[in-house]
Amino acid sequence: MSTRPSSPPKLNILNTPVHAVTMADTLALVEQYMVEPRLHQICTTNPEFVMMAQQDADFRRVLHKADLCLPDGVGLLWAARWLGRPLPQRVPGSELVYHLAERAAQHGWRLFLLGAAPGVAEQAAHILTARYPGLIIAGTYAGSPAAAENDEIVQRINDGRADLLYAAYGAPRQDKWIARNRGNLTAVRVALGIGGALDFITGKSARAPRWVQNLGLEWLHRLIKEPWRWRRMTALPRFAARVLLGGRRTPDL
Ligand code: UDP
C-alpha cells in the first residue's frame, strides 16, 4: 500500500493556490507527510499573501511549489464563495501551531521554533512543553532571515534533528526562507511559516475574542490593536476589488 499523500483539492484565487482543506484534513496530511522522507512546505495563505504574490514572482513561485497552502484568512473564504467554489473552513496558522505541537508530543516529532523577537521562541517553547507533556523541543532561535545567517540557522536546525519547523519571520520572508533551504534541512519533514503565532502563544500580542473571529473580523481587531499595519492591510480591500472585478469566474481546480 502506498503511503504517498493524496493531493487535496486546490483553488486558484487570483492565480494563487489555496487548498480546500479543514483543520482535521490538515492534521491528517501532516501525519502522512511525516512518513515521507522529504521536506513538505505549508503556507498560511491570506489575502495579503495573494496581493503580495501579484507583485512578487519569487513569492508566487514559492506558493505554487508549496505542498499545502492553507486558507488562513476569512477574505479567502468570501472570495471562494463568490467564485462559486466555497472552501470548507478557515484553517488559521495561529491554531494549527497548537494542534501540531500536540501531535508532535504524541508522536515524538522534534519541534524547532525559529524567529520572532529574541527570547520569544524560548518562552513559547516553555508554554508549549507545559501544555503538551512529552513535547520535544529540537531548538529555538530568533536569528534573522538575512542571507548572512542562513548557514548558521540551518546548522542549528540540523544539529537539533528537527522533524517539524515553525518559521516566524512574517510573509514572504519566512516562506522564502523555507523554500530556499528545502535541500539543506536534513531531517525536517514539515516546515510552516507561522507569522506572528509565537507572539500569540506568549501573549505578546492578543488574538481577537472568539465572537469577533466568528464574525470574520479578526483582521479588524488586529488593525485596531496594531494600527501601524494599516498600510499592509490595504491589501484586503484591494484583494476584494480584484476578486469582484474579475467576475464570478469559477477558479481553476
Ligand atoms: N520577525 C522576525 N525577524 C524579522 C522580521 C519579523 O523575527 O526580520 C518576526 C516578528 O517578531 C513576528 C513575526 O516575524 O514575531 C511575524 O511578523 P508579522 O506580525 O509582521 O507577520 P504576520 O503575522 O503579519 O505574517
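A few points on the structure. Each residue is numbered by its place in its chain's sequence as written, counting from 1. Restriction of local features to residues with pLDDT of at least 70 applies here, the model being predicted, together with a cutoff of 80 or more for giving and counting side-chain atom pairs; totals for whole chains, interfaces and linings are based on all residues. Side-chain metrics in this entry use all non-hydrogen atoms of the structure; hydrogen atoms and water are not considered.

## Some points on the overall build of the protein chain
Okay, so step 1: Scanning the protein chain for helices and strands turns up 13 helices and eight strands.
Okay, so step 2: For every residue, the accessible area obtained with a 1.4 Å probe (protein chains only) is divided by the maximum for its type, and the residue is called buried under 20%, exposed over 50%, and partly exposed between those limits. For the protein chain, with 253 residues in total, the buried portion stands at 53%.
Okay, so step 3: Per-residue accessibility takes into account occlusion by the displayed protein chains alone, with areas from the Shrake-Rupley method and a 1.4 Å probe. Carbon and sulfur atoms make up 54% of the accessible area of the protein chain, which totals about 11,800 Å².
Okay, so step 4: Asp and Glu are treated as the negative residues and Lys and Arg as the positive ones, with His and the ends of the chain left uncounted. Taken as the charge centre is NZ of Lys, CZ of Arg, CG of Asp or CD of Glu, depending on the residue. If the 31 positive side-chain charges of the protein chain are averaged to one point and the 21 negative ones to another, these points end up 6 Å apart. Strands here are runs of E lasting at least two residues and helices are runs of H or I lasting at least four, both read from the DSSP assignment and numbered beginning at the N terminus.

## Thoughts on the side chain of Asn 150
Okay, so step 1: Within the secondary structure, Asn 150 sits in helix 7 (residues 150–159).
Okay, so step 2: At 3.2 Å, the side chain of Asn 150 and the side chain of Trp 177 are in polar contact.
Okay, so step 3: Throughout, a residue-residue contact means that at least one pair of heavy atoms, one from each residue, lies within 4.5 Å. Apart from the residues lying within four places of it in its own chain, the contact partners of Asn 150 are Trp 177, Arg 180, Asn 181 and Asn 184. Here a polar contact is recorded for every N or O atom pair within 3.5 Å, except that within protein the pair must consist of a potential hydrogen donor and a potential acceptor, and residues adjacent in sequence are included only if both atoms are side-chain atoms.

## Focus: the site of the ligand
Okay, so step 1: Inspection of the region around the ligand gives 15 residues, with Ala 116, Gly 196, Asp 199, Arg 229 and Arg 232 positioned closest.
Okay, so step 2: At a separation of 2.9 Å, an oxygen atom of the ligand approaches a polar backbone atom of Gly 196.
Okay, so step 3: Within the contact set of the ligand, an oxygen atom lies 3.2 Å away from a side-chain nitrogen or oxygen of Arg 222.
Okay, so step 4: Coverage of the ligand by the protein chains reaches 74% of its 540 Å² of free accessible surface.
Okay, so step 5: Residue polarity is assigned by list, with Asp, Glu, Lys and Arg as charged and Ala, Val, Leu, Ile, Met, Phe, Trp, Tyr, Cys and Pro as nonpolar; anything else, Gly included, falls into the polar class. Taken together, the residues of the shell around the ligand break down into six nonpolar, four polar and five charged. Any residue with a non-hydrogen atom lying within 4 Å of a molecule or strand is treated as near it.

## Examining the sheet that holds strand 8 (residues 190–193)
Okay, so step 1: The parallel open sheet is built from six strands, whose spatial order is 4-3-8-7-5-6. Of all strands in the sheet, those with a lone pairing partner are strand 4 (68–71) and strand 6 (136–141), marking the two edges. Within this sheet the neighbouring strands show an average axis-to-axis angle of 20°, counted without direction.
Okay, so step 2: Two strands pair under a simple rule: DSSP has to find at least two bridges between them. Relative to strand 8, strand 3 (residues 40–45) is paired through three bridges, and the arrangement is parallel. From the neighbouring strand, His 40 faces strand 8, where its bridge partner is Val 190. Helix axes are fitted to C-alpha atoms over the stretch in contact, other axes to C-alpha atoms as well, and angles between N-to-C directions run from 0 to 180 degrees.

## Section: the nonpolar core
Okay, so step 1: Counting residues in each nonpolar core, the largest one holds 37 residues, and the members touching the most others are Leu 164, Tyr 166, Leu 192 and Leu 198.
Okay, so step 2: When contributions to this core are tallied by element, the ones reaching two or more residues are helix 1 (23–34), strand 4, helix 5 (93–107), strand 5 (110–115), helix 6 (120–131), strand 7 (164–168), strand 8 and helix 9 (197–202).
Okay, so step 3: Among the elements that make up this core, the one with the highest residue count is helix 5 (seven residues).
Okay, so step 4: Residue contacts for Tyr 166: discarding those within four places in its chain leaves Leu 96, Val 97, Leu 100, Ala 101, Leu 111, Phe 112, Leu 113, Leu 114, Leu 192 and Ile 194.
Okay, so step 5: Counting 17 residues, the second-largest nonpolar core is a separate cluster that includes Leu 39, Val 154, Tyr 169 and Val 188. By convention a nonpolar core is built from buried Ala, Val, Leu, Ile, Met, Phe, Trp, Tyr and Cys residues, the set being connected through side-chain atoms within 4.5 Å.

## A word on the packing of aromatic side chains
Okay, so step 1: Centres within 6.5 Å are what make two rings of Phe, Tyr or Trp a pair, Trp counting through its six-membered ring; a difference in plane orientation under 30 degrees is then read as stacked, over 60 as edge-to-face, and the rest as tilted. Inspection of the entire model under this criterion finds one aromatic pair.
Okay, so step 2: Between Phe 49 and Phe 59, the aromatic rings sit 5.6 Å apart at their centres with planes inclined by 50°, giving tilted as the arrangement. Pair noted here: Phe 49 is in helix 2 (residues 47–55) and Phe 59 is in helix 3 (residues 57–65), with a separation of 10 residues, a long-range link.
Okay, so step 3: Over a ring means this: the NZ of a Lys or the CZ of an Arg is within 6 Å of the ring centre and within 35 degrees of the ring normal. The ring of Tyr 141 has Arg 156 lying over it, and the distance from NZ or CZ to the ring centre is 3.7 Å.

## Points about helix 8 (residues 173–180)
Okay, so step 1: Those residues of helix 8 lying buried are Gln 174, Asp 175, Trp 177 and Ile 178. In an axial view of helix 8, the angular spread of the buried residues amounts to 160°, which keeps them on one side of the axis. Our arc is simply the arc of the directions from the helix axis toward the C-beta atoms.

## Things to note about the packing of helix 3 against helix 8
Okay, so step 1: Following both chains from N to C, one finds helix 3 and helix 8 inclined at 65°, their axes separated by 10 Å at the closest point. Crossing geometry of helix 3 relative to helix 8 is assigned as left-handed. Between helix 3 and helix 8, the residues in contact are Asp 58, Phe 59 and Val 62 and Asp 175, Lys 176 and Ala 179, respectively.
Okay, so step 2: Class assignment for the residues of the contact of helix 3 with helix 8 results in three nonpolar, no polar and three charged. By convention, the crossing between two helices is left-handed when the near helix turns anticlockwise from the far helix through less than a right angle, and right-handed when the turn is clockwise.

## As for the state of the cysteines
Okay, so step 1: Note that a disulfide, as used here, is simply two cysteine sulfur atoms within 2.5 Å. Tallied over the entire structure, the rule returns zero disulfides.
Okay, so step 2: No disulfide involves Cys 43; its sulfur sits 4.7 Å from that of Cys 69, the nearest cysteine.

## What about helix 2?
Okay, so step 1: For helix 2, the set of buried residues is Pro 47, Glu 48, Phe 49, Val 50, Met 51 and Ala 53.
Okay, so step 2: The opening residue of helix 2 is Asn 46, an N-cap whose side-chain oxygen sits 3.0 Å from the backbone nitrogen of Glu 48.

Geometric descriptors of this kind do not, in isolation, establish any biological role.
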